[in-house]
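Residue-level listing of the chains:
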Amino acid sequence: MNTTPNTASPARVYLETYGCQMNVADSELVGGILRGAGYVHTDSPAEADVILVNTCAIREHAEDRVLRRLSELAHFKRARPATRIGLLGCMAQHNRASLLGRAPWLDLVAGPDSYRRLPELLDHARFDAAVDVRLDRGETYAGLNSDHAAGIRAYVTAMRGCDRFCTFCVVPYVRGRERSVPPASILAEVRELAARGVKEIVLLGQTVNAYREGEVEFGGLLRMVAAIEGIERIRFTSPHPCNMTDPVIDAMVSEPKVQPYLHLPLQSGSNSMLAAMQRGYTVEQYLALVDRVRASIPKLALSTDIIVGFYGETEADFEATLSLMRTVRYDSAFSFKYSVREHTRAHPLGDSVSEDEKARRLAAVIELQQAIALERNRESLGHEVAVLIEGPARRGGGMMAGKTPQFKTAIVPARPGVEPGDTVVARVEAVTAQSLICARV
Ligand code: 5AD
Ligand code: SF4
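Bear in mind the structure is a predicted one, so any value in this text is a computation, not a measurement. (Residues numbered from 1 in each chain as written. Chains lettered and ligands numbered in written order. Predicted model: local features only at pLDDT ≥ 70, side-chain atom pairs only at ≥ 80, totals over all residues. Heavy atoms only, no water.)

A. Spatial organisation of the sheet that holds strand β5 (residues 108-110). If you trace the six strands from one edge of the open sheet to the other, you get β2-β1-β3-β4-β5-β6, paired in parallel fashion. Bordering the open sheet on either side are β2 (40-41) and β6 (130-132), each of which pairs with just one other strand. Relative to β5, strand β4 (residues 84-89) runs parallel, the two being bridged by three bridges. Residue pairing across strands places G86 opposite L108, the latter belonging to β5. Of the strands in this sheet, β1 (12-17), β3 (50-55) and β4 touch helix α1 (residues 21-36), which is tilted by about 170 degrees from β1. (Pairing = 2+ DSSP bridges. Helix = DSSP H or I, 4+ residues; strand = E, 2+ residues; numbered from the N terminus. Contact = heavy atoms within 4.5 Å. Axes fitted to C-alpha atoms, helices over the stretch in contact; angles between N-to-C directions.)

B. Here's a closer look at the site of ligand 2. In the neighbourhood of ligand 2, the contacting residues comprise C162, R164, F165, C166, F168, C169, V171, P172, Q206, T207, H240 and R279. For the shell around ligand 2, the per-class residue count stands at seven nonpolar, three polar and two charged. (Near = heavy atom within 4 Å. Nonpolar A, V, L, I, M, F, W, Y, C, P; charged D, E, K, R; others polar.)

C. Just the pairing of β3, in detail. Most of β3 is tucked away: six of the six residues are buried. Burial along β3 is two-sided: V50, L52 and N54 facing one way and I51, V53 and T55 facing the other are all buried. Pairing of β3 with β4 involves six bridges; the strand directions are parallel. Bridging across to β4, L52 finds its partner in G86. In terms of handedness, the path from β3 via helix α2 (residues 60-79) over to β4 forms a crossover that is right-handed. (Buried < 20%, exposed > 50% of the residue type's maximum accessible area, 1.4 Å probe, protein only. Right-handed = clockwise from strand over helix to strand, strands pointing away.)

D. Focus on the site of ligand 1. Around ligand 1, the structure places I58, R59, F168, Q267, D305, I307, F336, K337, Y338, S339 and R341. One of the backbone nitrogen or oxygen atoms of F168 is found 3.0 Å away from a nitrogen atom of ligand 1. The backbone of S339 places a nitrogen or oxygen atom 2.8 Å from a nitrogen atom of ligand 1. Listing elements by their share of the shell around ligand 1, those giving two or more residues are β15 (301-308) and β16 (332-337). (Polar contact = N/O pair within 3.5 Å; in protein donor to acceptor, adjacent residues only side chain to side chain.)

E. Local environment of the environment of F407. Along the chain, F407 falls in the loop between β18 (399-403) and β19 (409-413). In sequence terms F407 and I306 are 101 residues apart; their C-alpha atoms lie 19 Å from each other.

F. Structural context of the sheet that holds β16. What the three strands build is an open sheet, ordered β14-β15-β16; its pairing is parallel. In the strand order of this sheet, the two ends are held by β14 (261-263) and β16, each with one partner. Strand-to-strand twist in this sheet, taken as the mean axis angle between neighbours without regard to direction, amounts to 10 degrees. Pairing analysis gives six bridges linking β15 to β16, with the strands arranged parallel. In the sheet register, V308 faces β16, and the bridge partner there is K337.

G. Fine view of the nonpolar core. Counting 56 residues, the largest nonpolar core has I186 and L203 as the members making the most contacts within it. Of the residues that make up this core, three or more belong to each of domain 2 (139-259) and domain 3 (260-379). Dropping the residues within four chain positions of it, I186 is found in contact with V156, T157, A158, V181, L203, Y211, L221 and V225. Counting 20 residues, the second-largest nonpolar core is a separate cluster that includes A11, I33, V50 and A130. (Core = buried A, V, L, I, M, F, W, Y, C linked by side-chain atoms within 4.5 Å. Domains from an automatic or database assignment.)

H. Representation of the packing of aromatic side chains within the structure. Scanning all chains against the criterion turns up seven aromatic pairs. The interplanar angle of 20 degrees and the centroid separation of 6.0 Å between the aromatic rings of Y115 and Y141 together place this pair among those described as stacked. Of this pair, Y115 sits in the loop between β5 and α5 (118-124) while Y141 sits in the loop between β6 and β7 (153-157); the two residues are 26 residues apart in sequence, bridging distant segments of the chain. For the pair Y115 and Y141, a shared accessibility class is recorded, and that class is buried. Aromatic side chains Y281 and Y286 sit 5.7 Å apart centroid to centroid with 40 degrees between the ring planes, which places their arrangement in the tilted category. Relative accessible area serves as the criterion here: at 7%, Y281 is assigned to the buried category. (Phe/Tyr/Trp six-rings, centres within 6.5 Å; stacked < 30°, edge-to-face > 60°.)

I. Layout of the packing of helix α7 (residues 183-195) against helix α8 (residues 218-226). Following both chains from N to C, one finds α7 and α8 inclined at 30 degrees, their axes separated by 10 Å at the closest point. Comparing their axes, α8 and α7 come out roughly parallel. Crossing of α7 over α8 shows right-handed handedness. Residues P183, I186, L187 and V190 of α7 touch α8, and the partners they reach there are L221, M224 and V225. Within the contact of α7 with α8, the residues separate by chemical class into seven nonpolar, no polar and no charged. (Parallel < 35°, antiparallel > 145°, perpendicular 65-115°, else oblique. Left-handed = near helix turned anticlockwise from the far one by under 90°.)

J. Examining unusual backbone geometry more closely. Here the amide bond leading from T237 into S238 is cis, since omega sits at -10 degrees, within 30 degrees of zero. Topologically, S238 is positioned in the loop between β13 (233-237) and α9 (246-254).

Right, dumping it as structure tokens:
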């Protein structure tokens, strides 16, 4: 089949992305695949020949947002009927049965393992709706070129899928089984990024520290990436607490490029909830891990994910989560109201906590975390931090913004000759819960 667009000028693709970093990285992959097939990118949906939306299915709220946006985008098809509209990613996989009924003007539905076939599917979609939602446990997209966004930080997929099946989570159903990208493919991608001036690599995977390809486990992969010249900082997300093995911790300790920041998704501070979620650890085991990483890695920053209102969560369970947050004192936390997801093991149970009560619990988690983050940031007042500069500060004012090794946003005065990609040493003069305001030293 002819996989190049058969119009006189190259077909223009507009691509919108929802959801996690993995989705952002997948959109960069899709951009690369379509560029390779002769398509060009456009920032304007009104001018696009192809409109693609890469979607998230993790919570119902995320799906509702995408459906609303899709019906907005459908207007462009009314104005230009030859425009093809496609839905990619987790929601395509999750709602495969009902999507074409709910959005009959969709021309393409493609799940996360179907991107290699996109040019072919888009050709087909000129005549008839094209649907490909087969999961492929061997697909890692190794060796394909992504269209990485410009910048000093780049996201590189190390593994795909998830085998853990936490009872609340749809990811294993929509992204399929766990598989790791061969090290050679990851290293080639990082080398190319380094040659383009990228300074910071974030290795991605749903349980990224479960990475294993032949003899290479995640600690080994971190060391291999660290050996690449030009790369100054390495991060990864999201690790799972159960996969924080000695080799991974050792790599964080002994490899200075691996930054002192760890995202350790907790979900709940109650043992009965953790068991119901099938998270694979107890509160005691989690706290022992926190002690171990803090004892091993100096100045480590910790962040987490918390779900409130999971099925069966009592007031006492919820209080246990707040109490654990006070014990650990995270630098930051992402918190969510539990959302019942079809296909998951907890789906048949439904909801036991009202929407209002979930909202109250979420607000309490956010308020507590804000207070802790502010306290933590205050501890750095007067300290010197190494800031990798990313660009002008959002509020301007002759300031530049970047990140500290702990992944905190730092605002520093601009100086002639200092450019994105440079690391400057600055002293913390004032703080908010979100950022450090610094003076140059
Ligand atoms: N409801 C609410 N939050 C969820 N997460 C995953 N599934 C759900 C759900 N059904 C959260 C978890 C996970 C993060 C990426 O999203 O906290 O760590
Ligand atoms: Fe979902 Fe659990 Fe896998 Fe994370 S580890 S992606 S929460 S199933």
